[in-house]
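# Remarks on the overall topology
Given next are the chains, with one letter for each unit.
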Amino acid sequence: MTDAQDLRRRTAELLAAHPPATTDRLEFLRARFDAGLAWVHFPAGLGGLDAPRSLQAVVDAELAAAGAPDNDPGRIGIGLGMAAPTVLRFGTDEQKQRFLRPLWTGEEVWCQLFSEPGAGSDLAALATRAVRDDEGGWVVDGQKVWTSSAHLARWAILIARTDPDVPKHRGISYFICDMTDPGVEVRPLRQITGEAEFNEVFLTGVRIPDAHRLGAVGEGWKVAQTTLMNERVAIGGSRLPREGGMIGVAAADWRARPALRTHDLHQRLLKLWVDAEVARLTGERLRQQLSPTLNSVRAGGAPTGQPGPEGSGMKLAFARLAQEISGWEVEFLAEDGLTYDDWTMRRPDGVDFTGREAGYRYLRAKGNSIEGGTSEVLLNIVAERVLGLPPEPRTDKDVAWKDLPR
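Residues numbered from 1 in each chain as written. Predicted model: local features only at pLDDT ≥ 70, side-chain atom pairs only at ≥ 80, totals over all residues. Heavy atoms only, no water.

Let's shift gears to the overall build of the chain. Secondary structure summary: the chain contains 12 helices and eight strands in total. With the principal axes as the frame, the chain shows a C-alpha extent of 70 × 55 × 45 Å. In the chain, of all internal contacts separated by at least 6 residues, the share reaching a separation of at least 24 is 71%. When the accessible surface of the chain is summed, it comes to about 18,700 Å², and 53% of that surface belongs to carbon and sulfur atoms. Taking the average place of the 49 positive charges on the side chains of the chain and the average place of its 56 negative ones, the gap between the two points comes to 3 Å. (Helix = DSSP H or I, 4+ residues; strand = E, 2+ residues; numbered from the N terminus. Contact = heavy atoms within 4.5 Å. Areas by Shrake-Rupley, 256 points an atom, 1.4 Å probe, with all protein chains shown as cover. Lys, Arg positive; Asp, Glu negative; His and termini not counted. Charge placed at Lys NZ, Arg CZ, Asp CG, Glu CD.)

This brings us to the pattern of salt bridges. Going through the model one piece at a time under the given rule, you end up with 34 salt bridges. In this structure, the salt-bridge partner of Arg 8 is Glu 62, at a minimum N-O distance of 3.8 Å. Taken as a pair, Arg 8 in helix α1 (residues 4–17) and Glu 62 in helix α3 (residues 56–65) lie far apart in primary sequence, 54 residues in all. In this structure Arg 8 comes out as partly exposed when scored by relative accessible area, which is 41%. Across the pair Arg 346 and Glu 195 runs a salt bridge, and its minimum N-O distance is 2.7 Å. With Arg 346 in the loop between α10 (310–333) and α11 (358–364) and Glu 195 in the loop between β6 (184–189) and β7 (198–208), this residue pair connects regions lying 151 residues apart in the sequence. Overall, the relative accessible area of 33% leaves Arg 346 in the partly exposed class. One network of salt bridges, with partners in common, ties together Asp 6, Arg 9, Arg 10 and Glu 13. (Salt bridge = Lys/Arg side-chain N within 4 Å of Asp/Glu carboxyl O. Buried < 20%, exposed > 50% of the residue type's maximum accessible area, 1.4 Å probe, protein only.)

Right, let's talk about the nonpolar core for a bit. Of all hydrophobic cores here, the largest spans 35 residues; its most connected members are Trp 39, Leu 100, Trp 110, Phe 114, Ile 159 and Tyr 174. For this core, the secondary-structure elements that each account for two or more residues are α2 (25–34), α4 (77–90), α5 (93–105), β4 (155–161), β5 (172–178) and α6 (220–236). Take this core: its biggest share by element is seven residues, from α4. (Core = buried A, V, L, I, M, F, W, Y, C linked by side-chain atoms within 4.5 Å.)

This part is about a nonpolar patch on the surface. A contiguous nonpolar patch, built from Val 386, Leu 387 and Leu 389 and spanning about 270 Å² of accessible area, is present on the exposed surface. Mapped onto the elements, Val 386 comes out in helix α12 (residues 375–386). Judged by its relative accessible area of 38%, Val 386 falls in the partly exposed class. (Patch = residues over 30% accessible without salt bridge, like charges linked within 9 Å, V, L, I, M, F, W, Y side chains within 5 Å.)

Counted according to the given criterion, the structure contains zero disulfides. For the unlinked cysteine Cys 111, the closest cysteine sulfur is that of Cys 177, found at 7.7 Å. Assessed through its relative accessible area of 0%, Cys 111 is described here as buried. (Disulfide = S-S within 2.5 Å.)

What follows covers the side chain of Ser 375. With respect to the helices, strands and loops of the structure, Ser 375 is situated in helix α12. Discounting chain neighbours no more than four positions away, the residues touching Ser 375 are Leu 316, Ala 319 and Ser 369.

Our next topic: the packing of aromatic side chains. The full count for this structure, using the stated rule, is 15 aromatic pairs. When the centroid spacing of 6.5 Å and the interplanar angle of 70° are considered together, the rings of Phe 33 and Trp 39 count as edge-to-face. Both residues of the pair, Phe 33 and Trp 39, belong to the buried class. An angle of 20° between the planes, with centres 6.1 Å apart, marks the rings of Tyr 340 and Tyr 360 as stacked. On the criterion of sequence distance, the pair formed by Tyr 340 in the loop between α10 and α11 and Tyr 360 in helix α11 is long-range, its members being 20 residues apart. An aromatic cluster of at least three residues, connected via ring pairs, comprises Phe 33, Trp 39, Phe 42 and Trp 104. Stacked on the ring of Trp 155, the Lys or Arg Arg 154 has its end atom at 4.2 Å from the ring centre. Over the ring of Tyr 360 we find Arg 356, and its NZ or CZ is 3.9 Å from the ring centre. (Phe/Tyr/Trp six-rings, centres within 6.5 Å; stacked < 30°, edge-to-face > 60°. Lys NZ or Arg CZ within 6 Å of the ring centre and 35° of its normal.)

Structural data, given as C-alpha cells:
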C-alpha cells in the first residue's frame, strides 16, 4: 500500500523529470496527473494511486516547497469538487478517460446546470426537458439559473426531466452538456457586489449524445445526490490552517488597529475564533472519516469515499460563520469597513474572500446561505438524515410531475 515515504519518492521523481522552473505549466500538470499525484485517493490511471486521501497533503507540501504550479483550484472548483467525484462514481471507463485529466489540469472548466427559476430549494421539481431524438441522443430545452462559471465553462453537469409521468424524483436523468453547443445561451446575473459571478443559462434544442449520460435513464436524482453532497463538503469543508480564511483576516484587523478595540467586539471575536476553529477541526475529522480508497466503486460494489449528509452541517456552519465574521469586521472597522474598491460590472473567474476589502466580503457572504443548498433545506437534511428526526410531510411525493401545480 502506498505510504508517505513512497509518495515523497514519487514526487521527487516527478520534480526531477519535470523541473518546475524550466517546465511549461500545463506540461507539468499533465505529468503530475499521469504520475498519480493529482488526487492520490483516485484509482491508478485516473490521476491517483488508490492511496489514503489524507496523504494528498504530503504531495501538496512537497510540490509547494519546490515551487511547482498548482491547477488554479479556485477557477476550476466546480469541476474538482462536484463533476470529478460524480464522473468517477457513475461514469463509464470512456467517460473517465475523456474528462478527468483535462478537468484536473484546468484545460476544461466545468459548471453546474441544476437550479431553475422555479426549482431552487425544491430542485426535484425542475422543468428542463430532455427528449430522445431519432438518433438515440437527447434534445434539451429549458432554463437554468445561479450558474457559477458558465461564462468560462467548456462542459456542464446537467439534470433534466426525461419522464414527466412519474413522481418528480424518479423522472430525472443526468447528462454532461457541451457548453459550446449553439443552443446554449449564457447571460450574466449581476450581484449585490456589482459583479456577475453567476449566470442564467438558456437551453434551446441542445443536443446531447447518449454517451454523455451519467447513470441510468430516470436515475438522475441518485446521481445528483453524489454531486450535491460533494458540493457541500467542497464549500464548507475546505482544508485550512489554524486561523485561516476569513477569521484570519478579522484577527489580523484586530491586531493591527488597537485604537478601534472595545470589550464587546473582543468578546464577539473570541467566540467567532472558537467557532471557526471548531468548524475547521470538524471538517478535518469529516475528511478523515471518508474511506481511504475508492476500490469498491471500480469493482461495482457499494460506493466508498463518498460524503454523506454530515457535509450539509459543514456547509451550514460555513455560511453562518462567513456572514457573522464579515459583519463583525465591517462593524469593527467603522467607516473603513464600508469601503469597496470597484462597483464595475465584470465577470470574475472566481470568489476571493480573503484578498478583497471588508465591504466585498460582507456583501458576498450574503450569498453563502443560498448557494450550494439553502440553509433552510440543509437544516432539514441535518434534522432528518443526521439526527433522525421525523421528516416533514410531503404530499407531492407520489404524484406524477405533470400533475403538480406550477
